[in-house]
Amino acid sequence: MESKHFVFFLSVVVLFFAAAEVSAAVDRQRSNELGSYRPIKNLTEPRVIEVGNFAVSEHNKEAGTKLLFVKVVKGDFQVVSGLNFRLVISAKDGVDLGNYEAVVYKKPWQSYKRLISFKKV
Ligand SMILES: *[C@@H]1O[C@H](CO)[C@@H](O)[C@H](O)[C@H]1NC(C)=O
């Protein structure tokens, strides 16, 4: 990616997290209106990979499985009082490669993450 595009992308990410923080403050004053899901443009961005990895390892803990994270195939996010990430994750179950849809809730500026759902697609 051209560096000016990357800078633009970073600005969008920063603005987006700032907006999420503002929206959290607004939520304390009035009822929460859910935004619609918007696509994540760069699926290899470390923050996205981290969420994907978290979803797989958390699911392994909860379900006693041994899935191995391969990559994020598709993803979108929704601004709530934090962020909901909805990712399609490619993962290995032994030798079988499969796609899984995971929803992870993340609070901005904090390391708090929670796996909302995880299912094979
Ligand atoms: C996506 O993000 C990765 C890691 O930050 C970067 O190396 C890569 O160039 C980006 N790709 C695109 C298409 O923006």
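First, a word on what this report is: a plain description of the structure on this page. The structure displayed is predicted, hence computed values, not measured ones.

**Observations concerning the pattern of salt bridges**
- In the structure shown here, the tally under the stated rule is four salt bridges.
- We note a salt bridge from Glu101 to Lys119, for which the minimum N-O separation is 3.6 Å. Here Lys119 lies in strand S5 (residues 113-120) and Glu101 lies in strand S4 (residues 96-106), a separation of 18 residues in the sequence.
- Judged by its relative accessible area of 47%, Lys119 is partly exposed.

**Details of the side chain of Asp76**
- Considering the arrangement of structural elements, one finds Asp76 in strand S2 (residues 68-79).
- Relative accessible area serves as the criterion here: at 16%, Asp76 is assigned to the buried category.
- Once residues within four sequence positions are removed from consideration, Asp76 is found in contact with Tyr37, Arg38, Pro39, Ile40, Asn84, Phe85 and Arg86.

**Notes on the nonpolar core**
- Formed by 22 residues in total, the largest nonpolar core has its most connected members in Ile40, Ala55, Phe85, Leu87, Ile89, Leu115 and Phe118.
- Broken down by secondary-structure element, the contributors of at least two residues to this core are helix H2 (46-63), S2, strand S3 (83-93), S4 and S5.
- Setting aside chain neighbours within four positions, we find Leu87 in contact with Ile40, Val48, Val51, Gly52, Val72, Lys74, Gly75, Tyr100, Glu101 and Ala102.

**Here we look at the pairing of S5**
- Of the pairings in the sheet, the one linking S4 to S5 comprises seven bridges and is antiparallel in character. Of the residues in S5, the one forming a bridge with Val103 is Ser117.
- Hairpin connection between S4 and S5: a loop of six residues separates the two successive antiparallel strands, and Trp109 in this loop has a positive phi of roughly 65 degrees.

**A look at the pairing of S2**
- Taken together, the two bridges between strand S1 (residues 38-39) and S2 define a ladder with antiparallel strand orientation. Counterpart to Pro39 in the pairing with S2 is Asp76.
- Relative to S3, S2 runs antiparallel, the two being bridged by ten bridges. By the bridge assignment, Gly75 is partnered in S3 with Leu87.
- If you look at the hairpin formed by S2 and S3, you'll find three residues sitting between the two strands.

Cut-offs applied
Residues numbered from 1 in each chain as written. Predicted model: local features only at pLDDT ≥ 70, side-chain atom pairs only at ≥ 80, totals over all residues. Heavy atoms only, no water. Salt bridge = Lys/Arg side-chain N within 4 Å of Asp/Glu carboxyl O. Helix = DSSP H or I, 4+ residues; strand = E, 2+ residues; numbered from the N terminus. Buried < 20%, exposed > 50% of the residue type's maximum accessible area, 1.4 Å probe, protein only. Contact = heavy atoms within 4.5 Å. Core = buried A, V, L, I, M, F, W, Y, C linked by side-chain atoms within 4.5 Å. Pairing = 2+ DSSP bridges.

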